[in-house]
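Residue-level structural notes
One-letter residues, chain by chain:
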Amino acid sequence: MKYLFAAMLFLTPAFAHEYKLGDLTIDHPFARATPNGAKVGGGYLSITNKGKTADRLVSAEVSFATRVEIHEMKVADGIMRMRELPQGLAIGAGETVSLKPGGYHIMFMGLKQPLMKDEKHKAILVFEKAGKLEVDLHIEGMGGHQHAH
Ligand SMILES: [Cu+2]
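Calculation rules
- Residues numbered from 1 in each chain as written.
- Predicted model: local features only at pLDDT ≥ 70, side-chain atom pairs only at ≥ 80, totals over all residues.
- Heavy atoms only, no water.
- Helix = DSSP H or I, 4+ residues; strand = E, 2+ residues; numbered from the N terminus.
- Buried < 20%, exposed > 50% of the residue type's maximum accessible area, 1.4 Å probe, protein only.
- Contact = heavy atoms within 4.5 Å.
- Areas by Shrake-Rupley, 256 points an atom, 1.4 Å probe, with all protein chains shown as cover.
- Donors = N, O, S within 2.8 Å, 3.2 Å for Na, K, Ca; no water.
- Tetrahedral: all angles 85-135°; square planar, octahedral: opposite > 155°, others 65-115°.
- Core = buried A, V, L, I, M, F, W, Y, C linked by side-chain atoms within 4.5 Å.
- Salt bridge = Lys/Arg side-chain N within 4 Å of Asp/Glu carboxyl O.
- Pairing = 2+ DSSP bridges.

1. Observations regarding the overall build of the protein
Within the protein, the regular secondary structure consists of two helices and 11 strands. In sequence order, the protein lays out its α and β elements as α-β-β-β-β-β-β-β-β-β-β-β-α. When burial is assessed residue by residue, the protein has 38% of its 149 residues classed as buried. Partitioning the contacts of the protein with sequence separation of at least 6, the portion at a separation of at least 24 is 66%. When the accessible surface of the protein is totalled, it reaches about 9000 Å², and 58% of it is carbon and sulfur.

As structure tokens, then:
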């Protein structure tokens, strides 16, 4: 029984597409496929901080874009607005923060190539305290909104 449990634990990370870095667990990093000629794209993941102190996602490094920023998106006065978080995104002790379409996201700017569904791209996440972590960014289909056009 013990061995079976260990085997399941071993299999879980690949299945769930999950990474650990110190006290941080990073789950399911992905980006949306981009239409031809698009100059920007969004990256998403969730981060759980099991530590006793806050950390920050301060930046990310990818080879397919010239610049990467951490953004926040929210509705203000009925208009969806996006802004850079210059200090990065805080993940408080014991918190889970989700970057997802319509909310916090990693913004890839100056795309050198379109992001194609089912591709995987290396991305390096940079945390203020935990340091750097290389993850596979899975490219998923375009959002429903883009499909409508
Ligand atoms: Cu953005």
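Following the structure, the description resumes.
2. Focus on the coordination of the copper ion
When a metal holds four donors in a tetrahedron, each ideal angle between them is 109.5 degrees; when it holds six in an octahedron, the ideal angles are 90 or 180 degrees. Of the protein atoms, only His-71 (ND1), Met-82 (SD), His-105 (NE2) and Met-107 (SD) coordinate the copper ion, at distances of 2.0 to 2.3 Å. With four donor atoms in place around the copper ion and angles of 96 to 119° between them, the coordination shape is tetrahedral. Mapped onto the sequence, the donors of the copper ion take the spacing H-x10-M-x22-H-x1-M. Residue Met-82 is located in strand β6 (residues 79-84), and its partner His-105 is located in strand β9 (residues 105-111); the two are separated by 23 residues in the primary sequence. Look at Met-82 and you get partly exposed, because its relative accessible area is 39%.

3. Here's the deal with the nonpolar core
What tends to happen in soluble globular proteins is that the nonpolar side chains get buried as a cluster. Formed by 31 residues in total, the largest nonpolar core has its most connected members in Ile-26, Ile-47, Leu-57, Ile-106, Phe-108, Leu-125 and Phe-127. Counting residues per element, this core draws most heavily on strand β11 (residues 131-140), at four residues. The contacts of Leu-57, once residues within four sequence positions are left out, are Ile-47, Ile-70, Gly-88, Leu-89, Ile-91, Leu-99, Ile-106, Leu-125, Val-126 and Phe-127.

4. Focus on the pattern of salt bridges
Inspection of the entire model under this criterion finds eight salt bridges. Put simply, Glu-72 and Lys-74 hold a salt bridge, and the shortest N to O gap is 3.9 Å. The class of Glu-72 is buried, set by a relative accessible area of 11%. Members of the salt-bridge network, linked through shared partners, are Glu-72, Lys-74 and Arg-83.

5. Looking at the environment of Leu-57
Tracing the sequence through the fold places Leu-57 in strand β4 (residues 55-61). Taking the C-alpha atoms as reference points, Leu-57 and Ala-90, separated by 33 residues in sequence, lie 6.5 Å from one another.

6. Observations regarding the pairing of strand β2 (residues 24-32)
In this structure, strand β1 (residues 18-21) lies alongside β2, joined through four bridges in antiparallel fashion. Counted as the bridge partner of Leu-21 is Leu-24 from β2. Inspection of the sheet shows β2 paired to strand β3 (residues 40-49) by six bridges, in the antiparallel sense. Residue pairing in the sheet places Thr-25 in a bridge with Thr-48 of β3. With three bridges connecting them, β2 and β11 associate as parallel partners. Among the inter-strand pairings, Arg-32 is bridged to a residue of β11, identified as Glu-140.

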